[in-house]
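Coordinate inspection notes
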Amino acid sequence: MRTSTSKIRFQKINLATIILLFILILAGGVVRSTGSGMGCPDWPKCFGRYIPPISSSELPKDYKQKYAAGRLAKNQRFAKTLDVFGYSDLAKRIREDRSILVPEEFNAAKTWTEYINRLIGAASGIFLLLTAILAFSYSSENKWISVLSILNVILVGFQGWLGSIVVSTNLVAWIVTVHMLLALAILALSIITYHLARANGRPKLNVNPVTHIVTLLALVISIVQIAFGSEVREKIDAVAGHLQGGYRDDWISNAGAIFTRHRDVAVLVLIANIVLYALMRRTFSRHSIQQQIMSFAFLMIMLQIVTGILLSYWALPPVAQAAHVLLATLVFSAQFYLMLNLYRSVKGGVHK
C-alpha cells in the first residue's frame, strides 16, 4: 500500500525532531559542564534583549539586583509548590538559601552558550508541535501516534520549566536526575511515534523470549547508569561549590560512593550488551535493521568508555562531559529502538 504524502511528511518531521532532541541534549550538556545555566538570567529575552549582549557596556542598568530578585521570586514560587506536595523541609531550605541573592557576573561566552541552547530548545519545541499536528494523518489507523505526540508537547513544556528550576535552585539536587530522565522519556516517545508510523501494517516478528528479556535488561541497566551519571554530576557540582572551584582533580576524589557505583554499573552495561550483540548475530541476518541498530549501540558504548576514561583521568574536561551525556543518550535510544523492532519488522530488516 502506497504511503500518503502527509504520512511521509510526518515521518520526516518526526525523524528531524529526534535529531534535534539529540542536539538539544548535547547543548544542555555543554551548558551544564561549562556552568552557563544562568548565562541568560531572564526568559524569553536575554538581559532584556532578543539578541544577547556581547560586552558589559550593553547590559541593563542595575541588572544584577534585578535578576537576582527575579530568581528569588521564582524559587519562592517553587518552594510553595513543594509545600503543597509535602516537601516542607526542602521548601524551607530553598527559602533560606542566601546564595540565590548573590548576583551572577556577566560572561559573554556563557551568555551565548545558554542563548544557543535556548534557540535549539525552541526549534525542538516547534518540531514537536509540527509532529503532533501531522500525527493526525494516522488517526484512523493508529490513534496512539496522535496521543503520544500530543503528550510529548505537554512534557516538553514541563521540561522547559523544570530546566529553569535546575539552574535557579542550588539545593534540589535530585531535579538534575529527574530532568535527565524526563529528557529520555520525551526522546522515547518521539522514537515510539516514528516506529509506529514506519511499522504500520507490517507483520510481527516471532522472536525468542530470551532475546526480549536480554534486550529489556540491557535497556534498564542503561537507564540506571544514566541516573547514576546524573547523580555523579550533582555530587561533582556540590564538591566544586564546597571547594570554591579549586582543582578539578580533587572533584572526583571527593565525589564518594556514587562515582564508584557509576563505574561499576558501566561494567554491567558492557557485559549486557556483549550478550545482546551475540544474540542479535544468532537471531537476525547480517543486514537486518536489528543487527545494524545493535552494531551502532555497541560503537556508542565503546566511545562512551573512552569519554569516561577521559573524565576520570583528565580532570573532567567539559567537552568530554557533554560528549559522555550524548553518547549515553544514543545508547539508550538505540537499545529502545531495538526493543521496538523486536516486536514488529521494519522496512529493510530481514529475519533469518
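Counting from 1, residues in each chain are numbered in the order their sequence is written. The model is predicted, so local features are restricted to residues of pLDDT at least 70 and side-chain atom pairs to those at 80 or more, both for listing and for counting; the totals for chains, interfaces and linings are taken over all residues. As a rule here, side-chain values come from all non-hydrogen atoms in the structure, and water together with hydrogens is ignored.

Brief notes about the pattern of salt bridges
We count a salt bridge whenever a side-chain nitrogen from Lys or Arg sits within 4 Å of a carboxyl oxygen from Asp or Glu. A full pass over the atoms with the stated rule returns 5 salt bridges. One salt bridge in this structure joins Glu141 and Lys7, with 1.9 Å as the shortest N-O distance. Separated by 134 residues along the polypeptide, Glu141 in the loop between α4 (108–134) and α5 (143–168) and Lys7 in helix α1 (residues 5–34) bring together distant segments of the chain. What counts as a helix is a DSSP run of H or I of at least four residues, what counts as a strand is a run of E of at least two, and both are numbered from the N terminus.

Topic: the packing of helix α2 (residues 63–84) against helix α3 (residues 88–95)
Interaxial angle, 0 to 180 degrees, is taken between N-to-C directions of lines fitted to C-alpha atoms, where a helix line uses only the stretch in contact. α3 packs onto α2 with a crossing angle of 165° between their chain directions and a minimal axis gap of 8 Å. Between α2 and α3, the angle is such that the two are roughly antiparallel. Here α2 and α3 pass one another in a crossing that is left-handed. Contact residues: Asn75, Gln76, Phe78, Ala79, Lys80, Leu82 and Asp83 in α2; Ser88, Leu90, Ala91, Ile94 and Arg95 in α3. Of the residues belonging to the contact of α2 with α3, the class tally is 6 nonpolar, 3 polar and 3 charged. Convention used here: angles under 35 degrees read as roughly parallel, angles over 145 as roughly antiparallel, angles from 65 to 115 as roughly perpendicular, and any remaining angle as oblique. Crossing handedness is defined as follows: a turn of the near helix away from the far one that is anticlockwise and smaller than a right angle gives a left-handed crossing, while the clockwise case is right-handed. Residues are treated as being in contact if the distance between any of their heavy atoms lies within 4.5 Å. In this classification, the charged set is Asp, Glu, Lys and Arg, the nonpolar set is Ala, Val, Leu, Ile, Met, Phe, Trp, Tyr, Cys and Pro, and all remaining amino acids, among them Gly, are polar.

Points about the state of the cysteines
We call a pair of cysteine sulfur atoms a disulfide when they lie within 2.5 Å. Counted by the stated rule, this structure contains 1 disulfide. Paired through a disulfide, Cys40 and Cys46 show a sulfur-sulfur distance of 2.0 Å. With the S-S dihedral at roughly -85°, the linkage between Cys40 and Cys46 falls on the left-handed side. Pair check on accessibility: Cys40 and Cys46 agree, each one buried. Each residue gets one of three labels from its accessible area relative to the maximum for its type: buried under 20%, exposed over 50%, partly exposed in between, using a 1.4 Å probe on protein chains only.

Observations concerning empty space enclosed by the protein
A cavity here means a set of 1 Å grid points, computed over protein atoms only, where a 1.4 Å probe fits but cannot escape. A pocket is an open set with protein on both sides within 12 Å along at least 5 of 7 lines, and lining residues have an atom within 4 Å of a point. Grid points are joined across faces, edges and corners, and a volume is the space filled by probe spheres set on the points. Tallied over the entire structure, the rule returns 1 cavity of 30 Å³ or more. Roughly 40 Å³ of volume is contained in the largest cavity. If you go around the largest cavity, the residues you meet are Asn14, Thr17, Leu128, Thr131, Leu148, Ser149, Asn152, Leu189, Ser190 and Thr193. Grouping the amino acids of the lining of the largest cavity by side-chain chemistry returns 3 nonpolar, 7 polar and no charged.

Things to note about α4
Working rule for helices: expected span equals 1.5 Å times residues minus one. Here α4 contains 27 residues, and its C-alpha end-to-end distance of 39 Å stays within 8% of the 39 Å for a straight helix at 1.5 Å per residue. Among the residues of α4, Thr111, Glu114, Tyr115, Asn117, Arg118, Ile120, Ser124, Leu128, Thr131, Ala132 and Leu134 are the ones counted as buried. Each element contacted by the buried residues of α4 is listed here: α1, α5 and α6 (174–198).

A few points about the confidence of the model for the chain
pLDDT measures how confident the predictor is about each residue, on a scale from 0 to 100. For the chain, per-residue confidence averages 84 on the pLDDT scale, and 87% of positions sit at 70 or higher. Confidence, expressed as mean pLDDT per element, reaches its minimum in the chain at helix α8 (residues 248–253) with 57 and its maximum at α4 with 94. Across residues 345–352, where pLDDT falls below 50, the model places 28 contacts with residues more than four positions away in sequence or in other chains.

Considering the nonpolar core
We call a set of buried Ala, Val, Leu, Ile, Met, Phe, Trp, Tyr and Cys residues a nonpolar core when their side-chain atoms join them within 4.5 Å. If you look at the biggest cluster of nonpolar residues, it comprises 68 residues, and the most contacted ones within it are Leu187, Ile191, Leu276, Met280 and Phe336. Among the elements that line this core, the one with the most residues is helix α11 (residues 318–341), at 13 residues. Each residue touching Leu276, except ones within four places of it in the same chain, is listed here: Thr211, Val214, Thr215, Ala218, Met294 and Leu338.

Here we look at the packing of α4 against α5
Two elements in contact, α4 and α5, have axes separated by 8 Å at closest approach and are oriented at 160°. With respect to their mutual orientation, α4 and α5 come out roughly antiparallel. Note on packing geometry: the crossing formed by α4 with α5 is left-handed. Taken together, the residues of α5 that come into contact with α4 (itself represented by Leu128, Leu129, Thr131 and Ala132) are Ser149, Ile150, Asn152, Val153 and Val156. Classifying every residue of the contact of α4 with α5 gives 6 nonpolar, 3 polar and no charged.

Quick look at unusual backbone geometry
Non-glycine residue Phe47 carries a positive phi angle of around 55°. Looking at where Phe47 falls in the secondary structure, it is placed in the loop between α1 and α2. Unlike most non-glycine residues, Asp62 shows phi in positive territory, near 55°.

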